Amino acid sequence: MSNINSNLDWSNLPFGYIKTDYNIRCYYRNGKWGELEVSSSESIDLHIAATSLHYGQEAFEGMKAFTGKDGKVRLFRWEDNAQRMRNSAIGVRMAEVTDEVFYGAVEKAIQLNTRFIPPYGSGASLYIRPLLIGSGAQVGVKPAEEYLFVVFVTPVGPYFKEGFKPVKMMIEREYDRAAPLGTGSIKVGGNYAASLNSLYNAHQKGYASALFLDAKEKKYIDEAGPANFFGIKNNTYITPKSTSILPSITNMSLIKIAESMGMKVERRQIEIEELSTFTEAGACGTAAVISPIGQIDDIGTGKSYIYGMETPGEVSTMLYKKLQSIQQGDEADNFGWIKVVDL
Ligand SMILES: *Cc1c(COP(=O)(O)O)cnc(C)c1O
């Protein structure tokens, strides 16, 4: 481990990839996980017939570590990321990463790259990317017999450079991201491949993201690309219930915080028309915590749902601040969500 300061301009970091010193790898062979391996290479040596390349046997996770005022480095609900990665593995018939391997690799990746952990107050954090792929060769359509689990880290700036500001979204009517009984509820690359045209088109038209509808009836809001959706009205936090959305850990946490602040919470289908009754709307996920939505355009019908592009709503702001201060250690963690990393 090197203690030389990485000399990064913490306050102006992009939300992108920056090379760090080490990453951690672990192979599943002959029915069991091997030892954690430390690597300083940014590449992996992969068989040309690996199932991840041909048949999409791939899953990933995303989490962040924050430095607190007290200098401690905190992880947020990592047990849920470990569990979700197992659900993803089961969903595309991969070997499940054990807690021991998952926690061990994440901790080691942080410990060996401490000089890349952004300081308190910079607005930046250390993004952690666990990745599980079928590395074994198959030509017939079959699950691999060998898997590779990788954890790399990279320091990232805030997701939106402009800060906590409302964004515009458009309702996607051209493509579906996931089928009702498909892979929408697991964190696999295939869902992202299926969403790239929508996101590209949305960006081309000047929108921050596309808002997907349920694939079957095209009647209900599903989620916003890589983030869950919520609406606010009558002191109630409302978020879609659907078999094709990814269970966001940020969303689950906002639900708990909303309840603890005396709000009602509803997880149910949200019809497109109901968008006109919300006083606030937002997208949530690890990357941005909350992106307040200022306006949703439904190009298909010509309707717009407007919440205000000037300033984020009061409730969204409160939820955002509360969750962020727990994650950064500014506020006591009464939910048992924080894990302090041994450095
Ligand atoms: C990762 C992800 C989210 C956000 O989940 P968090 O656990 O809050 O980061 C939302 N939707 C999709 C499709 C995702 O892949």
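Residues numbered from 1 in each chain as written. Predicted model: local features only at pLDDT ≥ 70, side-chain atom pairs only at ≥ 80, totals over all residues. Heavy atoms only, no water.

> Describe the domain arrangement of the protein chain, naming the residues involved and giving the relevant values.
Taken domain by domain, the protein chain holds domain 1 (10-156) and domain 2 (167-326). Each of domain 1 and domain 2 was reduced to a C-alpha centroid, and the two centroids are 26 Å apart. It is Phe-60, Phe-76 and Arg-84 in domain 1 that bury the most area against domain 2; as a group they hold 40% of the surface buried on that side. Linking domain 1 to domain 2 there are zero salt bridges. Those elements that place two or more of their residues in the side of domain 1 that touches domain 2 are β4 (58-60), β5 (63-67) and α2 (78-91). It is α2 that contributes the most residues to the side of domain 1 that touches domain 2, six residues altogether. Of the residues assigned to the side of domain 1 that touches domain 2, the class counts are six nonpolar, five polar and six charged. (Domains from an automatic or database assignment. Buried area = accessible area lost by both parts, 1.4 Å probe. Salt bridge = Lys/Arg side-chain N within 4 Å of Asp/Glu carboxyl O. Helix = DSSP H or I, 4+ residues; strand = E, 2+ residues; numbered from the N terminus. Nonpolar A, V, L, I, M, F, W, Y, C, P; charged D, E, K, R; others polar.)

> How would you sum up the environment of Pro-240? Please name residues and give values.
Among the secondary structure elements, Pro-240 is positioned in the loop between β12 (236-239) and α5 (249-260). Taking the C-alpha atoms as reference points, Pro-240 and Asn-113, separated by 127 residues in sequence, lie 38 Å from one another. Beyond its immediate stretch of four places on either side in the chain, Pro-240 contacts Ile-221, Asp-222, Phe-229, Ile-245, Arg-268 and Ile-270. (Contact = heavy atoms within 4.5 Å.)

> So what's going on with the packing of aromatic side chains? Residues and values would help.
All told, the structure shown has 14 aromatic pairs when counted by the stated rule. Considering the side-chain rings of Tyr-28 and Trp-33, the 5.2 Å spacing of their centres and the 65 degrees angle between planes classify their relative orientation as edge-to-face. Geometrically, the ring pair formed by Phe-230 and Tyr-237 is stacked, given 5.0 Å between the ring centres and 20 degrees between the ring planes. Of the two residues examined, Phe-230 and Tyr-237, each falls in the buried class. (Phe/Tyr/Trp six-rings, centres within 6.5 Å; stacked < 30°, edge-to-face > 60°. Buried < 20%, exposed > 50% of the residue type's maximum accessible area, 1.4 Å probe, protein only.)

> Run through unusual backbone geometry, naming residues and quoting values.
Working note: non-glycine residues mostly have negative phi, and peptide bonds are mostly trans. Despite not being glycine, Asn-30 has its phi angle at roughly 50 degrees, a positive value. Position of Asn-30 among the secondary structure elements: in the loop between β1 (23-29) and β2 (32-33). Here Asn-30 falls in the exposed class, since its relative accessible area comes to 75%. Positive phi values are uncommon outside glycine, yet Asn-234 reaches one of about 45 degrees. For Asn-234, the location among the structural elements is in the loop between β11 (228-233) and β12. Asn-234 sits in the exposed class, given a relative accessible area of 64%.

> Give me the lowdown on the pairing of strand β14 (residues 280-285), citing residues and values where you can.
Within β14, six of the six residues are buried, which leaves the element mostly enclosed by the surrounding structure. Bridge count between β11 and β14: five bridges; the pairing is antiparallel. Across the sheet, the residue bridging to Ile-232 is Glu-280, located in β14. Relative to strand β15 (residues 289-298), β14 runs antiparallel, the two being bridged by five bridges. Counted as the bridge partner of Gly-282 is Pro-292 from β15. Connecting β14 to the next strand, β15, in antiparallel fashion are three residues. (Pairing = 2+ DSSP bridges.)

> Can you lay out the pattern of salt bridges for me, pointing to particular residues and giving the numbers?
Side chains that differ in sign of charge can pair as their charged atoms come close. This model, assessed by the stated rule, comprises 15 salt bridges. Of the charged contacts, one joins Asp-99 and Arg-86 as a salt bridge, the two residues approaching to 3.0 Å between their closest N and O atoms. Residue Asp-99 is found in helix α3 (residues 99-111), and its partner Arg-86 is found in helix α2; the two are separated by 13 residues along the sequence. Among the salt bridges present, the one from Glu-223 reaches Arg-177, with a minimum N-O distance of 3.3 Å. You can see Glu-223 sitting in the loop between β10 (209-211) and β11 and its partner Arg-177 sitting in the loop between β9 (167-171) and α4 (189-204), a full 46 residues away along the chain. Arg-177 carries the same exposure label as Glu-223, and that label is buried. Taken together, the shared-partner salt bridges connect Lys-233, Glu-266, Arg-268 and Glu-274 into one network.

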